[in-house]
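What the coordinates show
The chain contents come next:
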Amino acid sequence: MHNEQILFIRHCSLSIDFMIPITKPYYTEEEERAAALAIRSGWVVQGPRVLEFEKMVADLVGAKYALATSNCTTALHLSLLALGIGAGDEVLVPSYSFIATANSVLHAGATAVFVDIDARTYNMDPALIEEKITPRTKAIMPVHQIGLAADIDTIQEIARRHDLLVIEDAATMIGGEYKNKKIGTHSRAVCFSFHPRKAITTGEGGMVTTNDPDIARQIEMLRSHGANVSDYARHGADKVIIEEYPVLGYNFRLTDIQGAIGVEQMKKLDWILQRRLELGARYNNAFADLDFLETPYEPPYAKHTYQSYCLRVAHNSPKTRDEIMTAMQAEGIATRRGVMATHLEPFYLNTYGRVSLPVTEQATRDTILLPIYAQMTQEEQETVINTLRRIVNVTN
């Protein structure tokens, strides 16, 4: 390795050593013990612990089926395929989302069509959906952004009128609710993430929940090379079973080590979500007097779960969004831009050309994410609050 590469790697590793990071997984001895037990068992591929994790998620959201995948991107990809979406089809998605949302559509062979967002919720604006529908439109993929449910009922009504499918990108929403009902059964397929930025994490990991046995069966085969019988079922059978591969599949499975961690994380979910609510409320109160910092909005149909804590920096702010981020980083406090505008990323610009999504573009320029994690101490949060207020020249 060249000296320049070594120096670059060393610089990168130093640059992420924040005093207060944007997030932290909440792991304790239980996860460590569960992972060790999975390793010692000798069964580390998808098996009994993944099954237990799937059952816990299904029970939580009230779904008949929950199918673990390697991440939420593969969960979305498999859901699209299981619903018959592919070449020649269009899927309506928000651009204001991590790039994986649109990527999953392209991975399935379909075309992503971007819909602008509501300026307050940052979710797909239902009022703008119908103008994007064409004879090729096959599905709508709303995203529950940064921990707030999209307006599912309105989107479902539009989908019914136009005979469209709905697949929910619920990456941020494990344990979240829409109209006092857990996210996970409102649509034909709902996809969750267990990435470290989410409330609970298996390192990487995803899950599809559904009440449709055909969708569940298709995803079960597709995630495991197209096999009609899982490894675990074959090895546990009392007779020899020779599996077949009736469909072209993928290796999108979750390991049993991750499943074991997921089981322990699920036991802590209620506490983690409650802590995030407390932290979100404290941030809201801390910035309520600053008219140039817009705190998260809650519509009548949903409560925020604060998977991320997002502020909008208005034009009358003494400092710009980027100036605030730079100053916070210099103080050892991590921040992130709110959410990317996928349609402005080079690949999508080169593939689709320029698409006009003014609300998305403004939100991408103006929003900032602050640190939030379940084990965040009051002192850490007060440091974030006081530092930000000092940066914008406003103190308590």
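Residue numbering note: each chain is counted from 1, following its sequence as written. Reporting of local features is limited, given that this is a predicted model, to residues whose pLDDT is at least 70; pairs of side-chain atoms are given and counted only at 80 or more, and all residues count toward the totals for whole chains, interfaces and linings. As a rule here, side-chain values come from all non-hydrogen atoms in the structure, and water together with hydrogens is ignored.

1. Things to note about the layout of surface pockets
Unfilled space is identified by rolling a water-sized probe across the atoms. Definitions used for this entry: grid spacing 1 Å over protein atoms alone; cavity, a set of points where a 1.4 Å probe fits but cannot get out; pocket, an open set with protein on both sides within 12 Å along at least 5 of 7 lines; lining residue, one with an atom within 4 Å of a point. Grid points are joined across faces, edges and corners, and a volume is the space filled by probe spheres set on the points. Roughly 650 Å³ of internal volume is contained in the largest pocket. Each helix is a run of DSSP H or I of at least 4 residues and each strand a run of E of at least 2, with the numbering of both proceeding from the N terminus. Elements that contribute at least two residues to the lining of the largest pocket include exactly α4 (72-82), α5 (100-107) and β12 (336-337). Considering each element in turn, the lining of the largest pocket owes the most residues, 3 residues, to α4. We call Asp, Glu, Lys and Arg charged. Ala, Val, Leu, Ile, Met, Phe, Trp, Tyr, Cys and Pro are nonpolar, and the rest, Gly among them, are polar. Class assignment of the residues belonging to the lining of the largest pocket gives a composition of 10 nonpolar, 13 polar and 6 charged. Estimates place the volume of the second largest pocket at around 420 Å³. Lining the second largest pocket we find 25 residues, and of these Gln 46, Leu 51, Glu 54, Glu 220 and Arg 223 sit closest to its centre. Every element with two or more residues in the lining of the second largest pocket is listed here: α3 (48-61), β1 (65-69), α7 (213-222) and α8 (231-236). With 5 residues, the top contributor of residues to the lining of the second largest pocket is α3. For the lining of the second largest pocket, the class distribution of residues is 12 nonpolar, 5 polar and 8 charged.

2. Here we look at the sheet that holds strand β11 (residues 309-313)
Across the sheet, which stays open at both edges, the 4 strands sit in the order β10-β11-β13-β12 with antiparallel pairing between neighbours. Taken across any chain shown, the strands that pair with only one partner, and hence form the sheet edges, are β10 (293-294) and β12. When DSSP finds two or more bridges between two strands, those strands count as paired. Relative to strand β13 (residues 367-370), β11 is paired through 4 bridges, and the arrangement is antiparallel. From the neighbouring strand, Tyr 309 faces β13, where its bridge partner is Leu 370. By definition in these notes, contact holds between two residues if any of their heavy atoms fall within 4.5 Å. Every axis corresponds to a line fitted to the C-alpha atoms, with the helix fit spanning only the stretch in contact, and the corresponding angles, defined between N-to-C directions, vary from 0 to 180 degrees. Where helix α9 (residues 256-287) meets the sheet, it contacts β10, β11 and β13, and its direction lies at approximately 20 degrees from that of β11.

3. Quick look at the pattern of salt bridges
If the charged atoms of two oppositely charged side chains come close together, the side chains can form a pair. Criterion for a salt bridge: a side-chain nitrogen of Lys or Arg within 4 Å of a carboxyl oxygen of Asp or Glu. This model, assessed by the stated rule, comprises 23 salt bridges. The shortest N-O distance in the salt bridge between Glu 31 and Lys 268 comes to 2.7 Å. Here Lys 268 lies in helix α9 and Glu 31 lies in helix α2 (residues 29-41), a separation of 237 residues in the sequence. The exposure class of Lys 268 is buried, given its relative accessible area of 13%. For Arg 49, the salt bridge identified is with Asp 256, shortest N-O distance 3.1 Å. Here Arg 49, found in helix α3, pairs with Asp 256, found in helix α9; they are 207 residues apart in sequence, far enough to count as distant. Exposure categories follow from relative accessible area, calculated using a 1.4 Å probe and restricted to protein chains: below 20% of the type maximum is buried, above 50% is exposed, and the middle band is partly exposed.

4. Considerations on the environment of Leu 92
With respect to the secondary-structure elements, Leu 92 resides in strand β2 (residues 90-94). Judged by its relative accessible area of 0%, Leu 92 falls in the buried class. Sequence separation between Leu 92 and Gly 353 is 261 residues, and the spatial gap between their C-alpha atoms is 17 Å. When neighbours within four sequence positions are excluded, Leu 92 is seen to be in contact with Val 113, Val 115, Met 124, Ile 129, Lys 132, Ile 133, Thr 137, Ala 139, Ile 140 and Met 141.

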